[in-house]
Amino acid sequence: MKPPHFQSSPNLEQVYLIERDAGLLCRILGLYASRGIDVLRADYAYAAKDVMTLKVCVASEPEGVAEVLRVLVDKAASFVGVLAAAEQPTAMRRVGPSFRAA
């Protein structure tokens, strides 16, 4: 049997457009930690000179996590420096590292 992190699972992804500020990025990720939500992946990229995007992917398996994430996105959207926040389901994808044959 494969470990749980190698099995396919439905994921939820939250996308934030934020001012370029490492402290703000940490505050947003801290919201996930304070609610005990396991982050599968967090990606950020610069969208413009002083603006960055943050994409956070979490597993949607525990009951009620979708409602907790809706509240979390609303809370993060109220932070000074968050320009936009949204959530979206992601396609089923393999969780964990992918290996290619050489």
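Scroll up to find the structure this text is about.
The rules behind these values
Residues numbered from 1 in each chain as written. Predicted model: local features only at pLDDT ≥ 70, side-chain atom pairs only at ≥ 80, totals over all residues. Heavy atoms only, no water. Helix = DSSP H or I, 4+ residues; strand = E, 2+ residues; numbered from the N terminus. Expected span 1.5 Å × (residues − 1). Buried < 20%, exposed > 50% of the residue type's maximum accessible area, 1.4 Å probe, protein only. Arc of directions from axis to C-beta. Core = buried A, V, L, I, M, F, W, Y, C linked by side-chain atoms within 4.5 Å. Contact = heavy atoms within 4.5 Å. Polar contact = N/O pair within 3.5 Å; in protein donor to acceptor, adjacent residues only side chain to side chain. Salt bridge = Lys/Arg side-chain N within 4 Å of Asp/Glu carboxyl O. Axes fitted to C-alpha atoms, helices over the stretch in contact; angles between N-to-C directions. Parallel < 35°, antiparallel > 145°, perpendicular 65-115°, else oblique. Left-handed = near helix turned anticlockwise from the far one by under 90°. Nonpolar A, V, L, I, M, F, W, Y, C, P; charged D, E, K, R; others polar.

Chemist: Before we go on, may I ask you to explain helix α2 (residues 65-77) in this structure?
Modeler: Two residues of an α-helix separated by three or four positions point the same way, owing to the 3.6 residues in each turn. Here α2 spans 18 Å end to end across 13 residues, near enough to the 18 Å set by a 1.5 Å rise per residue. By the burial criterion, the buried members of α2 are V65, L69, L72, V73 and A76. Viewed along the axis of α2, the buried residues span an arc of 100°, placing them on a single side of the element.

Chemist: Please explain the nonpolar core as it appears in this structure.
Modeler: Judged by nonpolar contacts, the single largest core of 20 residues is most densely connected at Y16, I18, I28, Y32, V58 and L69. Only β1 (8-19), α1 (22-34), β3 (51-59) and α2 provide two or more residues apiece to this core. Beyond its immediate sequence surroundings of up to four residues, V58 is in contact with N11, L12, Q14, Y32, I37, D38, V39, L40 and L69.

Chemist: Sorry, what's going on with α1 here?
Modeler: Helix length check: α1, at 13 residues, gives a terminal C-alpha distance of 18 Å against a target of 18 Å (1.5 Å per residue), a fit within 8%. Within the sequence span of α1, burial applies to L24, L25, I28, L31 and Y32. Seen from one end, α1 has its buried residues packed into an arc of 115°, which puts them on one side. Away from the buried face of α1 by more than 90 degrees, exposed residues A22, C26, A33 and S34 are located. Regarding α1, its N-cap is D21, as a side-chain oxygen of that residue lies 3.0 Å from the backbone nitrogen of G23 further along.

Chemist: In this structure, what is going on with the side chain of E13? I would like to understand it.
Modeler: With respect to the helices and strands, E13 occurs in strand β1. Side-chain polar atoms of E13 contact the side chain of R41, separated by 3.3 Å.

Chemist: I'm lost on the pattern of salt bridges in this one. Help?
Modeler: Two side chains carrying opposite charge are able to pair once their charged atoms lie near each other. Considering all chains together, one arrives at three salt bridges under this definition. Between D43 and R41 there is a salt bridge whose closest N-O contact spans 3.0 Å. According to the relative accessible area criterion, D43 is partly exposed, its value standing at 37%. Here R70 and E67 are joined by a salt bridge, their closest N and O atoms 3.3 Å apart. A residue pair is termed a helical-turn pair when its members lie 3 or 4 positions apart in one helix, as R70 and E67 do in helix α2 at three residues. Judged by its relative accessible area of 38%, R70 is partly exposed. Taking relative accessible area as the criterion, E67 reaches 44% and is therefore assigned partly exposed. Three or more residues are tied together by salt bridges with common partners; here these are E13, R41 and D43.

Chemist: What should I look at first to understand the packing of α1 against α2 in this one?
Modeler: How two helices pack is summed up by the angle between their axes together with the distance between the axes. Look at α1 against α2: their axes get within 10 Å of each other, and the N-to-C directions meet at 155°. Relative to α2, the element α1 lies roughly antiparallel. As for how α1 packs across α2, the hand of that crossing is right-handed. In this structure, α1 uses I28, L31 and Y32 to contact α2, whose residues at the interface are L69, L72, K75 and A76. Each residue belonging to the contact of α1 with α2 can be placed in one class, and the counts come to six nonpolar, no polar and one charged.

Don't take any of this as a statement about function, it's just geometry.
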